[in-house]
Every structure is written in C-alpha cells, then in structure tokens.
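# A look at the structure
Here is what each chain is made of, one letter per residue.
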Amino acid sequence: MRGTTVPPGMCCRPVKTGELPLHRLEVPAPDAVPFAVGSFDAVGPLSRAEFPHRHTFYEIVLVTGGTGAHVVDLTRWELSPPHLGVVTPGQVHHWEASGLTGSVVLFTDDFLFDHPADRETLRRLRERPWLRLDGTEHDRTARLIAELEEEFRRGGEDGESVLRALLHVLIVRAGRLPGIPPAPAPVRARAVAAEFAQQAEKSELGLWSVRAHAERLGVTPGYLTEAVKAATGRTAAELVREARTQEAKRFLLRTNLSVRQVASRVGFADPAYFCRFFRRETGLSPGGFRRTGDAAPKIHHDCMTPSIAAG
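Values in this document were obtained by computation on a predicted structure and should not be read as measured data.

## What to know about the pattern of salt bridges
On inspection of all chains with the given rule, the structure shows 21 salt bridges. Salt-bridge contacts for Asp114 lead to Arg164; the nearest nitrogen and oxygen are separated by 3.9 Å. Placement of Asp114 in the loop between β9 (93-107) and α2 (118-127) and of Arg164 in helix α4 (residues 159-175) is noted, with a sequence separation of 50 residues between them. Relative accessible area serves as the criterion here: at 13%, Arg164 is assigned to the buried category. Residue Arg123 pairs with Glu120 through a salt bridge whose shortest N-O separation is 2.9 Å. A residue pair is termed a helical-turn pair when its members lie 3 or 4 positions apart in one helix, as Arg123 and Glu120 do in helix α2 at three residues. When salt bridges that share partners are traced, they join Arg54, Asp73, Glu247 and Arg250 into one network.

What follows is the structure, encoded as structure tokens:
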C-alpha cells in the first residue's frame, strides 16, 4: 500500500500545527518485507511514544513488564502484565508508562495477502484491544513471537512465507481469546460489510456518507445497507455516524484545532450543523467535550482471562 512504508529515519512526515503525527513503517529497502518484530528497545523509542499519534500499519504488542497505562483512542488501559494489545491503522494511541518491556510486531495491510480473513480477526480484536494473559497463554504467545523474531533476523528467500504463516497463527490464536467477539459466517454480505468496516476506519478517505462508501465499494447504497444490517445487526448510517463522531473526538481531545477546523476535517462545511450533530451523538457540545472529555477517561482493569485449549 503506497505510503505505508518508508526508509529508516523517515517514519514521520512533518506535522502541521494541530495535526496528529502519522507514523509509517520503516523498512531497509523499497522491496523489503513490510514487517518488523523485536523488543521495545530494538524497535526504537517511537515504540514507547508518549504523545498521541496514528500508524499506517498494524501493531501487536506483548507487554511483559511496566507500570502505567496504554491509551488507545479515548480509553486508558491500565498495565498489569502480561498483556496482549492490538492497534490498527488509523487509531490514535500513546503510552503513559515506565519500565515498559516486551515485544512489538509491526506489519502493513499488504502483509496479510496470504490470509485475507486475518483482517476480519484484527477488526474483532480492535473491539477488545487489551487482554491480560494467564501464564499458559503468555508462555505460548511469547514462544510464537520469539519464533517470528528469529525468522525475521534470519532472512532469506523463503523467510517471508514463514513470517506470514507464523503471523497468521498469532492472529488466529489472539482471536480465540475469551472476550473477543465471535467470527461470523463467511457470507457475501459479511465480505461487503467487512470492506465497509475497513473503509470506515480510514478517516483519510473522507467517506462520510453511506452513498460515498457504496460508490467506492462498487455496490448500491441499498445493497450496502442490507449487507451491513445482515452482517452486524446495525445500519450502515449508524456506523458512519459513529466513525465520524469518533474521529471528531480524536481531534477535539488530541489536537488544538478549532471547532471549525475539526468540523471541516470530518466533512461538515457548516460548523453550526457539526455542533448540532456532535451534541446529538454525544450529549455534549464540541467545546464541552474538549473541556471534560479528558478529565475522566474510561479506565479498564482487565481480569485475567481463563486458560484456553491450545490451537
């Protein structure tokens, strides 16, 4: 995917005032595998970034030590290692932690080519992005990531296929953990709905209506509405409003953009209409949310998940 990988030392484009930093995956050469794995120390200081930012790539973290919290979008997840966490492209996150140790797995959407169903599993993991592991699950996950790291360092012509296979196992096993929404049946409607869900998460596309999403997917708005309803039980319009509201919250809470500028970023030409929309969706005005939204963030203390059978 164009623009998701860059040479070393060029991961961050210059940030305009009020914008959120966008990190791209650093690779040693243009034709290099869009994948990286290693400890927080090996990956570098940006793996522990303490400022809100986005990625063009997926990140899976295994946290083995540290205190503090991991903030993903508007939720603050307290550290009580070991944890498995997932951050998907477009999400805003940062660390408020000390003594952070563990492993980081980074990869672009292109790297999922052999196993496209993994995109759906990652979407489900996004709904529960922070899981505390018991001893058995931690040991098994740590061994698998160690294999990924060994294969990554080894390189070689056949290394990429092994990396894809091991990553697939990691994603599938993560998707089996308790608390993760179950996988739906692989029907046509679900495939369309999954593509719609991916599009809705990519705010940079600027798709703020069901019609715009349908045109990009090559289906009619009516078909998209029926497919999403059948697959999720929710309407496409509801999910578009939700994505639009979430993106507005990110800008209001994590940047110093004016309300007018935030309105423009999420597709509203009229700031007054944006304010009415935001109040209807959240119960607060944009200014009210900005003043109070960070005062009492949602804090999650995950209970340890019970052991599950080996996959």
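Let's pick the thread back up.
## What to know about empty space enclosed by the protein
Overall, the coordinates contain three cavities of 30 Å³ or more when judged by the stated rule. Considering only enclosed or pocket space, the largest cavity measures out at about 70 Å³ in volume. The dominant element in the lining of the largest cavity, judged by the number of residues it contributes, is helix α3 (residues 135-154), at four residues. Residue composition of the lining of the largest cavity, by class: six nonpolar, one polar and three charged. In this structure, the second largest cavity encloses a volume near 50 Å³.

## Regarding the packing of aromatic side chains
Scanning the model with the defined rule gives ten aromatic pairs in all. Between the aromatic rings of Phe268 and Phe277, the centroid separation amounts to 5.1 Å while the plane-to-plane angle is 45 degrees, which identifies the pairing as tilted. Assessed through its relative accessible area of 6%, Phe268 is described here as buried. What makes Phe277 buried here is its relative accessible area of 4%. Aromatic pair Phe274 and Phe278: ring centres 5.9 Å apart, planes at 50 degrees, arrangement tilted. Here Phe278 and Phe274 lie together in helix α10 (residues 271-282), a separation of four residues that amounts to about one turn. Three or more aromatic residues joined by ring pairs form one cluster here, namely Phe268, Tyr273, Phe274, Phe277, Phe278 and Phe289. Between the NZ or CZ atom of Arg164 and the centre of the ring of Phe111, over which it lies, the distance is 4.5 Å.

## Notes on the pairing of β9
Consecutive side chains of a regular strand alternate in pointing toward one face of the sheet and then the other. Sheet topology note: the strand β4 (residues 35-39)/β9 ladder contains five bridges and is antiparallel. The residue bridging Ser39 from the neighbouring strand is Ser103, located in β9. In this sheet, β9 lies alongside strand β6 (residues 58-72) in antiparallel orientation, the contact comprising 13 bridges. Among the inter-strand pairings, Ile60 is bridged to a residue of β9, identified as Val105.

## Brief notes about the confidence of the model for the protein chain
Chain-level statistics for the protein chain give a pLDDT mean of 84 and a share of 85% at 70 or above. Contacts from residues 294-311, a stretch scored under 50 in pLDDT, to residues over four places away or in other chains number 40 contacts.

## Comments concerning the environment of Ser47
Note on placement: Ser47 falls in the loop between α1 (40-43) and β5 (54-55). Those residues in contact with Ser47, other than ones at most four positions away along the chain, are Phe40, Trp95 and Val104. A polar atom in the side chain of Ser47 sits 3.0 Å from the backbone oxygen of Phe40.

## Observations concerning unusual backbone geometry
Put simply, Pro81 and Pro82 share a cis peptide bond, and its omega is 5 degrees. Following the sequence through the fold, Pro82 ends up in the loop between β7 (75-78) and β8 (83-87). One non-glycine residue, Asp73, adopts positive backbone phi at about 55 degrees. Tracing the sequence through the fold places Asp73 in the loop between β6 and β7.

## Description of the packing of helix α8 (residues 236-254) against α10
Running from N to C, α8 and α10 point in directions that differ by 105 degrees, and their axes come no closer than 11 Å. Classed by the angle they form, the pair α8 and α10 counts as roughly perpendicular. Along its contact with α8, which presents Arg241, Arg244, Thr245, Ala248, Lys249 and Leu252, the element α10 presents Phe274, Phe277, Phe278, Arg280, Glu281 and Thr282. Within the contact of α8 with α10, the residues separate by chemical class into five nonpolar, two polar and five charged.

Scoring rules and cut-offs
- Residues numbered from 1 in each chain as written.
- Predicted model: local features only at pLDDT ≥ 70, side-chain atom pairs only at ≥ 80, totals over all residues.
- Heavy atoms only, no water.
- Salt bridge = Lys/Arg side-chain N within 4 Å of Asp/Glu carboxyl O.
- Helix = DSSP H or I, 4+ residues; strand = E, 2+ residues; numbered from the N terminus.
- Buried < 20%, exposed > 50% of the residue type's maximum accessible area, 1.4 Å probe, protein only.
- 1 Å grid on protein atoms, 1.4 Å probe; cavity = no way out; pocket = protein on both sides within 12 Å on 5 of 7 lines; lining within 4 Å.
- Points joined across faces, edges and corners; volume = space filled by probe spheres on them.
- Nonpolar A, V, L, I, M, F, W, Y, C, P; charged D, E, K, R; others polar.
- Phe/Tyr/Trp six-rings, centres within 6.5 Å; stacked < 30°, edge-to-face > 60°.
- Lys NZ or Arg CZ within 6 Å of the ring centre and 35° of its normal.
- Pairing = 2+ DSSP bridges.
- pLDDT = per-residue confidence, 0-100.
- Contact = heavy atoms within 4.5 Å.
- Polar contact = N/O pair within 3.5 Å; in protein donor to acceptor, adjacent residues only side chain to side chain.
- Axes fitted to C-alpha atoms, helices over the stretch in contact; angles between N-to-C directions.
- Parallel < 35°, antiparallel > 145°, perpendicular 65-115°, else oblique.

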